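Read off the chains here:
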Amino acid sequence: MAEAALELLRCSYRYEGGLPALDSVTCTVEEGSWTALVGQNGSGKTTLAKLCNGLLRPQEGDVHVMGEPVGDRTVGDLAQDVGYLFQNPDHQLFASTVRDEIEFGLRNLGYPAYERDRRLRQALAAFGLERYAEHPPAVLGFGLRRQVTLASLFALRPPILILDEPTTGLDWGRALALLQRLRKLQESGHTVVLITHQMRLVAEWADHVLVLHRGRLVAEGPPRSILSSPGVMRRASLSPPPITELSRRLSHLGLPDDCTTVDALLESIARQRARVREEES
Amino acid sequence: MAPIVTVNDLHYAYPPVLPGGAPVSVLRGVSLTLEKGTCLALLGPTGAGKSTLCLCLNGTIPHLVGGTFSGQVSIAGVDTRDVKTGELSQTVGLVFQDPESQLFTMSVADEVAFGLEGLALPPREIEKRVSESLAVLGITHLSARSPLELSGGEQQRVALAAALALRPQVLVLDEPTASLDPVGKASVLEAVKQLRDERGITIFWITQDIDAVPGIADHVAVLVDGRIALQGPPRHVLGRRHDLESWGLRAPQMVELASRFNERWDNDALWMTVDEAEEALERRLREDRG
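Residues numbered from 1 in each chain as written. Chains lettered and ligands numbered in written order. Predicted model: local features only at pLDDT ≥ 70, side-chain atom pairs only at ≥ 80, totals over all residues.

Peer 1: Where do I start with the sheet that holds strand β6 (residues 82–85) of chain A in this structure?
Peer 2: By way of backbone hydrogen bonds, the strands of a sheet pair with one another, either parallel or antiparallel. Residues and elements named next belong to chain A. Overall, mixed pairing links the six strands, which are arranged β6-β7-β8-β3-β9-β10 in an open sheet. Both edges of this open sheet fall to β6 and β10 (216–221), since each of them pairs with a single strand only. Strand after strand, the sheet turns through a mean of 15 degrees between neighbouring axes, direction not considered. Bridge analysis of strand β3 (residues 34–38) against strand β9 (residues 208–213) gives four bridges, and the strand direction is parallel. Pairing of Ala 36 across the sheet is with Val 209, part of β9. Along the sheet, helix α1 (residues 45–52) contacts β3, β6, β7 (160–164), β8 (191–195) and β9; its crossing angle with β7, the most-contacted strand, is approximately 150 degrees. (Pairing = 2+ DSSP bridges. Helix = DSSP H or I, 4+ residues; strand = E, 2+ residues; numbered from the N terminus. Axes fitted to C-alpha atoms, helices over the stretch in contact; angles between N-to-C directions. Contact = placed C-beta atoms within 7 Å.)

Right under this line is the structure:
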């Protein structure tokens, strides 16, 4: 069995004066997995993420990162293990140039100048930011500010990456490039946690899904079974990709009723056609 | 009937970002028209100039931003350069992506009244318009609440109500559902449809949510690098999967399915909705069985 990259044991958290944001959640994110964290706004996704990088501490329960209890490790120390991309890029941009922004984390972790420079140049190139290196992030458009925060995170290459709605504000070309880059990191052993409302992406990219609703973990499993379960989707107020509905409607013709991607449905149609041909001959 | 929105060969460059720099050219010859009571979905990659085009529609550009402007934008027959932005705000309402950035008062009712108070309308008229707008958006029950404690979907409906209270003819929506969850998104899109269908309001809708477009838009335009690369009825534009992908956009899932079905089984299908795909695939699979 794979090791746990992140482990929450009966974790609860309540913001001052509010309802519990997380209510006794126990879950595991396996090392090397691509785990999607889904649920309505306010379901506890971001709170869960902040427990993992130390921005919040559980009021009850324990968090383990790479097999070790978080205990009183500082946010800066945890940053070596857990990289966190905020939903709103403006919550993490503060340096006066794009270059300083990307170098900040590298300096903090004590990388020597030549390594900082190498990673800076790589990150600028990977996110199409070369010509903005000396620009203040604040003058860039939303999509570019998002690219700056991604570049800063990638420069650090933490073993666990938690990304809160990273594709919001990006067009499909940039979103796809980001997803492919995450896939490469996953293939080299990194763990990816993707918080998103886009079920089409969950179906296509994740291998495990955690579903939160009102601070509780209400379901978990492979995307195909989670997204094709009308009960889970309804309970968590989520809507699966359109193809899920199509798959269900076509199931009376002998196709599986749980296709959640174009690939899966086309494969099923191909198998079905081959079967029919075989029966005929 | 004359179109309510006409953009004619619009070129625009922002003033230089850094002192001594070059002007930043964003729009390079945009032309489009929009009929009253219809919805245009504007698609385009990041940085294509979509938000800039929005600001041109309500006169923020060129009145408040400066820069180099040529060509023409006219709303309900009025050239945006000939009127002040305050006057245009009664014709063109604007709603942005991030609800929190546009809400700032203590209560939902105050939020919706804010723009009206700026017009120095009599209190009774303000009250009437506020309650009417809240009712249209289905948020009357929230009127005493603080906008900051509402869900994202509710906040966007407050922003829509505030825009609606000014009785605009055109609503410009800049990715209004980008930060919402599926439930919030559905509630906002339903409200938008209703404003068009029941109030005859013209909708100019920027979105990246491609799967929501076929259900709402009457017309789709794609802005690429400051120019309209393609426009027309939804089928005509959204059906061109490979063109969309070459511009950094994704086709709706049913279009992608049809296109990949065609590649595999040499067909010329085009499906926009689950209903269309279901009907065609059902026929196909039954034919296989003879």
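Peer 1: Hey, could you run me through the nonpolar core in this one?
Peer 2: Within soluble globular proteins, side chains that are nonpolar generally end up buried alongside one another. With 161 residues, the main nonpolar core has Ala 151 of chain A together with Leu 40, Leu 57, Val 112, Ala 161 and Phe 204 of chain B as its most contacted residues. Those residues in contact with Leu 57 of chain B that sit more than four places away from it in its chain are Val 5, Val 73, Ile 75, Val 92, Val 172 and Phe 204 of chain B. (Core = buried A, V, L, I, M, F, W, Y, C linked by C-beta atoms within 7 Å. Buried ≥ 20, exposed ≤ 12 C-beta atoms within 10 Å, placed from the backbone.)

Peer 1: Help me understand the pairing of strand β2 (residues 20–30) of chain A in this model?
Peer 2: Along any regular strand, the residues point their side chains to alternate faces of the sheet. All names here are of chain A. Direction of pairing for strand β1 (residues 4–14) relative to β2: antiparallel, over a ladder of seven bridges. Residue Leu 6 lies in a different strand from β2, and its bridge partner there is Val 29. Hairpin remark: β1 followed by β2, antiparallel, with five residues in the connecting loop; positive phi at Gly 17, about 75 degrees.

Peer 1: Any chance you could explain unusual backbone geometry here in plain terms?
Peer 2: Trans is the prevailing form of peptide bonds, just as negative phi is the prevailing case for residues other than glycine. All names here are of chain B. Of note, the bond from Ile 61 into Pro 62 is cis; its omega dihedral lies within 30 degrees of zero at 5 degrees. Take Pro 62: it is sitting in helix α2 (residues 60–63). One non-glycine residue with positive phi stands out, namely Arg 167, at about 55 degrees. Along the polypeptide, Arg 167 turns up in the loop between α6 (152–164) and β7 (170–174).

Peer 1: Looking at this structure, I do not really get the sheet that holds strand β4 (residues 68–75) of chain B. What am I missing?
Peer 2: All names here are of chain B. Pairing is antiparallel across the open sheet formed by four strands, whose spatial order is β2-β1-β4-β5. The open sheet has two edge strands, β2 (24–34) and β5 (78–79), and neither has a second partner. Two strands pair when backbone bridges link them, and β4 and β5 are joined in this way by two bridges, in the antiparallel orientation. Bridge pairing in β5 places Ser 74 opposite Asp 79.

Peer 1: Teacher, can you tell me more about the pairing of β8 of chain A here?
Peer 2: Residue and element names in this part refer to chain A. When you tally the buried positions in β8, you get five out of five residues, the bulk of the element. Along β8, one buried face is formed by Thr 191, Val 193 and Ile 195 and the opposite face, lined by Val 192 and Leu 194, is buried too. Strand direction decides the pairing type here: β7 and β8, joined by five bridges, are parallel. Opposite Leu 163, over in β8, you have Leu 194 as the bridge partner. In this view, the connection linking β7 to its parallel neighbour β8 by way of helix α6 (residues 172–187) has right-handed handedness. (Right-handed = clockwise from strand over helix to strand, strands pointing away.)

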